[in-house]
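# Understanding the architecture of this molecule
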Amino acid sequence: MKKILILAIIASLATFGCKVLRNINLIPESQDKELGQQLNLEIQNNPKEYPLLQKKGNEAAYAYVEKLVKNILNSGQIKHKDDYPWDVSIIDNDTILNAFASPGGYVYVYTGLIKFLDSEDQLIGVLGHEIAHADLRHSTSQMSQRYGTQLSADILLGKNAAMVKEIVSGLAGLSYSRNHESQADEYAVRYTCGTEYNAKGVAGFFEKMKGRPSPPQFLSTHPNPENRVKAINKLADSLKCGGRVTNEAAYALFKKKF
Ligand SMILES: [Zn+2]
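Residues numbered from 1 in each chain as written. Predicted model: local features only at pLDDT ≥ 70, side-chain atom pairs only at ≥ 80, totals over all residues. Heavy atoms only, no water.

Summarising the element assignment, F254 is placed in helix α12 (residues 248–255). C-alpha of F254 to C-alpha of A61: the two residues are 193 residues apart in sequence and 6.9 Å apart in space. Among all residues touching F254, those that are not within four sequence positions of it are A61, Y64, V65, I114 and L123. (Helix = DSSP H or I, 4+ residues; strand = E, 2+ residues; numbered from the N terminus. Contact = heavy atoms within 4.5 Å.)

Structure (structure tokens):
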């Protein structure tokens, strides 16, 4: 069965050529979850680089973030709502302004980013952006482009474990293309628009980043913050997003938990 799949992929490449190769994801959809699980294990086993805030003893903090994630999942816009785990981890590092998601729906957010933001709609915006990368399969699409058919074939066959491990390790630091970033912003607005939250909160992080000297990795290959703020606000207006919830006061209390 796997062999037939590989032959089909190779045949489709021969037919479509390079131009289309840039836009297709060679990794089968079912592999995203597996790669995500592997990456999640690596992260759990590497507390030096990823000091995870334990769920036990921090139930209230986790419940708070999970409530926001649930809002996004219930927006009616998530393709993999029921087949990805959508597991959230908080990484206890106040110096990093970042969040990321693995393929297959594991979401990680640094305490540094949580403390940097001012309201629930801003955090829901960042979570929505990361959820979009996972739901739209941006990581594996990026991997397809970088490593090509050989990797896809190896993954399908469960071969080349060392290479797969290296790639899994690289997933956490993977930078997305400009296109993927704009698309993740767009979907974050679409998701938030389907909740009671202020969809323009998606721009909150970028508004706060304006004028800061060195952008974090999260932003490094991205469109510039000013353009992103404009695009986000324009889309929220054109979709006539009516949500108004920001919950600054509750968010201030939440930040005190760290
Ligand atoms: Zn992104």
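A few words on the confidence of the model for the protein chain. Per-residue confidence for the protein chain averages 83 on the pLDDT scale, and 77% of its residues sit at or above 70. Low pLDDT (under 50) marks residues 1–22, which in the prediction has 14 contacts with non-local residues, meaning those over four places away or in another chain. (pLDDT = per-residue confidence, 0-100.)

What follows deals with the packing of aromatic side chains. This model, assessed by the stated rule, comprises eleven aromatic pairs. When the ring of F116 is compared with that of F205, the centres are 5.9 Å apart and the planes differ by 75 degrees; the resulting orientation is edge-to-face. Here the residue F116 occupies a position in helix α4 (residues 111–116), and F205 occupies one in helix α9 (residues 204–209), the gap between them amounting to 89 residues. There is no split in this pair, since F116 and F205 are both buried. Where F254 meets F258, the ring centres are 5.3 Å apart and the plane angle is 85 degrees; that geometry is what we call edge-to-face. Note on F254: relative accessible area 1%, which makes it buried. A network of ring pairs unites the aromatic residues Y50, F100, Y108 and Y110 as a single cluster. Its end group placed over the ring of F116, K208 keeps NZ or CZ at 5.2 Å from the ring centre. (Phe/Tyr/Trp six-rings, centres within 6.5 Å; stacked < 30°, edge-to-face > 60°. Buried < 20%, exposed > 50% of the residue type's maximum accessible area, 1.4 Å probe, protein only. Lys NZ or Arg CZ within 6 Å of the ring centre and 35° of its normal.)

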